[in-house]
Amino acid sequence: PRKRASGTRAQTPALLMGLLFGPARHAMVPTHTRKAGRLYRYYVSTAVLKQGQDACPVGRVPAGEVEAAVIAQVRRLLVTPEVIVRTWRAAREQEAAIGEGEVRAALSELDLLWDELFPAEQARIVQLLVERVEVSTDGLTIRLQTEGLRSLVQDLRGGTQTRQAA
């Protein structure tokens, strides 16, 4: 059973593991079920697991939908002027010579490359950028990490410099 469970987890990565919380501030954990040979992934509140279906108004959310919504929002936020300026200011603390244009280019490049990234790399970036995702009956609230943005820009600059040197 352990081997089978490990294989299933490897095939169905949970992009928001450790980041997703329900309205009562309970963590939401990834799970799945199979029906007619088809895999259905979702996140379920730990309150529901421990106390029953009535313990959380959200209960379960489809993993694909919530992950797609978070990724779309993060991608939109990465190219907004406010996030670019905040990221640039944070990156300047480590490297004074970095320009706002470099930060804008790095974040835009990430948006363009996103669909080409391996799922594991997408998950790493989401874990780096997203501090917390709160699910409510009204929608999602996403909190980004400024430190993660700074680190991401440094990674992207390194990759750009490597490609230019080649």
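Please refer to the structure placed before this passage.
What counts, and where the lines are drawn
- Residues numbered from 1 in each chain as written.
- Predicted model: local features only at pLDDT ≥ 70, side-chain atom pairs only at ≥ 80, totals over all residues.
- Heavy atoms only, no water.
- Core = buried A, V, L, I, M, F, W, Y, C linked by side-chain atoms within 4.5 Å.
- Buried < 20%, exposed > 50% of the residue type's maximum accessible area, 1.4 Å probe, protein only.
- Helix = DSSP H or I, 4+ residues; strand = E, 2+ residues; numbered from the N terminus.
- Contact = heavy atoms within 4.5 Å.
- Pairing = 2+ DSSP bridges.
- Axes fitted to C-alpha atoms, helices over the stretch in contact; angles between N-to-C directions.
- Salt bridge = Lys/Arg side-chain N within 4 Å of Asp/Glu carboxyl O.
- Phe/Tyr/Trp six-rings, centres within 6.5 Å; stacked < 30°, edge-to-face > 60°.
- Lys NZ or Arg CZ within 6 Å of the ring centre and 35° of its normal.

Here we look at the nonpolar core
- Counting 40 residues, the largest nonpolar core has Leu16, Leu20, Tyr43, Val61, Leu129 and Val130 as the members making the most contacts within it.
- Breaking this core down by element, the ones donating at least two residues are strand 3 (38–45), helix 3 (63–78), helix 4 (81–94), helix 5 (100–113), helix 6 (119–129), strand 5 (130–136) and helix 7 (146–165).
- Apart from the residues within four sequence positions on either side, Val61 is in contact with Leu20, Met28, Tyr42, Tyr43, Val66 and Val135.

Overview of the sheet that holds strand 6 (residues 139–144)
- Taken in spatial order, the 3 strands of this open sheet run 1-5-6, and their pairing is mixed. The open sheet has two edge strands with one neighbour each: strand 1 (20–21) and strand 6.
- When strand 5 meets strand 6, the two strands line up antiparallel, connected through 6 bridges. Looking at the pairing, Val135 lines up with Leu140 of strand 6.
- Sitting on the sheet, helix 3 is in contact with strand 1, strand 5 and strand 6, with an inclination near 50° to strand 6.
- Helix-sheet contacts for helix 6 involve strand 5 and strand 6, and the interaxial angle to strand 5 is about 85°.

What to know about the pattern of salt bridges
- Using the criterion set out here, one finds 9 salt bridges in the structure.
- Among the ionic pairs, Glu67 bridges to Arg41, the shortest N-O distance being 2.7 Å. Remark: Arg41 occurs in strand 3 and Glu67 occurs in helix 3; sequence separation between them is 26 residues.
- Among the residues examined, Glu67 registers a relative accessible area of 7% and is labelled buried.
- For Arg41, a relative accessible area of 25% translates into the label partly exposed.
- Residue Asp111 is joined to Arg75 by a salt bridge in which the shortest nitrogen-to-oxygen separation is 2.8 Å. Highlighted residues: Asp111 in helix 5 and Arg75 in helix 3, separated in sequence by 36 residues.
- For Arg75, a relative accessible area of 21% corresponds to the partly exposed category.
- One continuous salt-bridge network, built from bridges that share partners, spans Arg25, Arg132 and Glu134.

Observations concerning the environment of Pro57
- The residue Pro57 is located in the loop between helix 2 (46–51) and strand 4 (60–62) in this model.
- Relative accessible area serves as the criterion here: at 61%, Pro57 is assigned to the exposed category.
- Placed 35 residues apart in sequence, Pro57 and Gly22 show a C-alpha to C-alpha distance of 8.5 Å.
- When near neighbours in sequence (up to four residues on either side) are disregarded, Pro57 contacts Pro23 and Thr137.

Considerations on unusual backbone geometry
- A positive phi angle, close to 70°, is found at Arg25, a residue other than glycine.
- Note that Arg25 resides in the loop between strand 1 and strand 2 (28–35).
- At Ala36, a residue that is not glycine, the phi angle is positive and equals roughly 55°.
- Assessed through its relative accessible area of 86%, Ala36 is described here as exposed.

Here's the deal with the side chain of Thr87
- Relative to the assigned elements, Thr87 resides in helix 4.
- With sequence-adjacent residues up to four places away left out, Thr87 is seen in contact with Val103, Leu107, Leu149, Arg150 and Val153.

A closer look at the packing of aromatic side chains
- If you walk through the whole model with that rule in mind, you get 0 aromatic pairs.
- Against the face of Trp88 rests Arg92, its NZ or CZ located 4.3 Å from the ring centre.

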